[in-house]
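# Tertiary structure, described
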Amino acid sequence: MQKLIEKLKSTFFNKKFIGFCLIGIVNTFNTAFFSWLAHLKLQENVSAHIGYFISLTINYILNSTIVFKNKLSLKKYFKFLISYIPNYIIYSLVSLLTINILKMDQFWATVLAIAAGAPITFVIIKLYAFGNKKS
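Presented here is a report on the structure given in the accompanying data block. Computed from a predicted structure; not experimentally measured.

## A closer look at the packing of aromatic side chains
A ring pair, where both rings are aromatic, is described by two values, the distance of the centres and the angle of the planes. Under the counting rule described, the total for this entry stands at 16 aromatic pairs. Across from the ring centre of Tyr-128, 4.9 Å away, lies the NZ or CZ of Lys-79, which sits over that ring.

## Description of the environment of Leu-40
By the element assignment, Leu-40 lies in the loop between helix H2 (15-39) and helix H3 (44-67). Looking at Leu-40, the relative accessible area reads 52%, which means it is exposed.

## Examining a nonpolar patch on the surface
Side chains of Ile-82, Ile-85, Ile-89, Leu-93, Leu-127 and Tyr-128 sit close together on the surface and give an oily, nonpolar patch of about 590 Å² of accessible area. Counting only elements with at least two residues in the nonpolar patch, the list comes to helix H5 (85-101) and helix H6 (106-129). Among the structural elements, Leu-127 can be located in helix H6. With relative accessibility at 55%, the residue Leu-127 sits in the exposed group.

## Quick word on the nonpolar core
In terms of nonpolar packing, the biggest core is built from 21 residues, with Phe-80, Tyr-84, Ile-125 and Phe-130 touching the most fellow members. Among the secondary structure elements, those contributing two or more residues to this core are H2, H3, helix H4 (74-83), H5 and H6. Discounting chain neighbours no more than four positions away, the residues touching Tyr-84 are Phe-20, Tyr-52, Leu-56, Asn-59, Thr-121 and Ile-125.

Cut-offs and rules
- Residues numbered from 1 in each chain as written.
- Predicted model: local features only at pLDDT ≥ 70, side-chain atom pairs only at ≥ 80, totals over all residues.
- Heavy atoms only, no water.
- Phe/Tyr/Trp six-rings, centres within 6.5 Å; stacked < 30°, edge-to-face > 60°.
- Lys NZ or Arg CZ within 6 Å of the ring centre and 35° of its normal.
- Helix = DSSP H or I, 4+ residues; strand = E, 2+ residues; numbered from the N terminus.
- Buried < 20%, exposed > 50% of the residue type's maximum accessible area, 1.4 Å probe, protein only.
- Patch = residues over 30% accessible without salt bridge, like charges linked within 9 Å, V, L, I, M, F, W, Y side chains within 5 Å.
- Areas by Shrake-Rupley, 256 points an atom, 1.4 Å probe, with all protein chains shown as cover.
- Salt bridge = Lys/Arg side-chain N within 4 Å of Asp/Glu carboxyl O.
- Core = buried A, V, L, I, M, F, W, Y, C linked by side-chain atoms within 4.5 Å.
- Contact = heavy atoms within 4.5 Å.

Dropping the structure here:
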């Protein structure tokens, strides 16, 4: 049990995770803003996904250059996008629940949906998208 606790501490209590979370805060508001902007012309559920995908590119650029100190590349961008599939599933389910069932405001529903998947996403992008393994 002690080894598990130490592993969790080393994974989530470090500069990279804190940087990821800070960029995640910026990205959460980017997603909410772009979702809101799309909502002016489109249905709420559609606009939530448009906002998510626009902000995902901004998220890749910030995480790549600031947190993981990697040069931008198309290969890493695609790995980053693949890494976000679990996050996207969580985001979609939480958005569906909060917007359609709980009738939450679009902005706060988006904030909650993004926060729900952050820890899982960090581990995946750390290991897969920005890992040092050659593929």
